[in-house]
Amino acid sequence: MAIKTYKPTTPSRRYMTNLSSNDITAKASVRSLLIKLPVSGGRNSNGRITSRHKEGGAKKLYRIIDFKRDKFGIEGKVATVEYDPYRNCRICLINYTDGEKRYVLQPKGLNVGDTIISSSEVLVDIRTGNCMRLKMIPVGTIVHNIEMSPGHGGQIARSAGGYAQIMGRDGKYVSLRLPSGEMRYILGECLATIGTVGNEDFANIVIGKAGRNRHLGVRPQTRGSAMNPVDHPHGGGEGKTNGSRQPVSPWGTPAKGYKTRKKQASDKLIITRRKKGVR
């Protein structure tokens, strides 16, 4: 997908980029698959801000996406490719032969007119967009929209350009290399979709100006070092100081390298943890 640039009519316009919308084929969405989600603006039921730097952003409707892909044995045809304001990849409207319409994530290479199918027990073609259980997919295949528990719907590798690779089998489990680099076991009964999520150029977009982030629902952020000591651990001091301590959150939690993950029952299924970030 092409990255679109602009003439530098203003300073912010000089560096701002966006994605071309030439791949979008729909003029309107299916009304029955749209719902309005409440917007909290980062506030709880008492009206107090519990998540900072959030606001309502531009008005948008949520598209109901079929993450479960549970229409087994019924072939569907891609009718349109559409924009989804709630996610960074495109979505496809699928017209099934029984008359039902559903939205799915658009895999890279799946276009209008192509057909897809889901299968629970029968092996189908290893083709982009087809969905089947992990135990039926050959080792080395690239997959996305992967379930963590059978029947719960896809939870892994759903963002633009995301994918995981099947590395092997061990009894009832299948080992996957996830987008983060983590290696873990997933039950072979879980469903996954063949291919990579499309719109991989999303990572190359330059926001360019603050107003564009405001449309996304992001409010401005003030540096802790610009605050007073009563407001932030980094605050206070004469002139620009480093605070004489390691970087922390407003509540004192270390910001770099500190492990915050709690022990979970699924930890035993992790073969190797994800790659550590650069400190």
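Novice: Account for the pairing of strand β7 (residues 101–105), naming residues and giving values.
Specialist: By the criterion of burial, β7 is predominantly enclosed, with four of the five residues buried. Looking at chain direction, strand β6 (residues 91–96) and β7 are connected through five bridges and run antiparallel. Residue pairing for β7: C92 is matched across the bridge by V104. Counting the residues between successive antiparallel strands, the hairpin from β6 to β7 contains four residues, one of them, G99, with a positive phi of roughly 100°.

Novice: Explain the sheet that holds strand β8 (residues 115–116) residue by residue, including any values.
Specialist: Reading across the sheet, the four strands line up as β7-β6-β5-β8 and stay open at both edges, with antiparallel pairing between neighbours. Looking along the sheet, the strands with just one partner apiece sit at the ends: β7 and β8. The sheet contact formed by strand β5 (residues 76–82) and β6 spans six bridges and is antiparallel. In the sheet register, V78 faces β6, and the bridge partner there is I94.

Novice: Would you mind going over the nonpolar core in detail, with residue names and values included?
Specialist: Core analysis: the largest hydrophobic core is formed by 19 residues, its most contacted members being L134, I137, V143, I146, I166 and L176. For I146, the residues in contact, after removing those within four places along its chain, are L134, G154, Q155, I156, A157, A164, L176, L191 and A192. L33, Y62, I91 and L93 belong to the second largest nonpolar core, which has twelve residues in total.

Rules and cut-offs
Residues numbered from 1 in each chain as written. Predicted model: local features only at pLDDT ≥ 70, side-chain atom pairs only at ≥ 80, totals over all residues. Heavy atoms only, no water. Buried < 20%, exposed > 50% of the residue type's maximum accessible area, 1.4 Å probe, protein only. Helix = DSSP H or I, 4+ residues; strand = E, 2+ residues; numbered from the N terminus. Pairing = 2+ DSSP bridges. Core = buried A, V, L, I, M, F, W, Y, C linked by side-chain atoms within 4.5 Å. Contact = heavy atoms within 4.5 Å.

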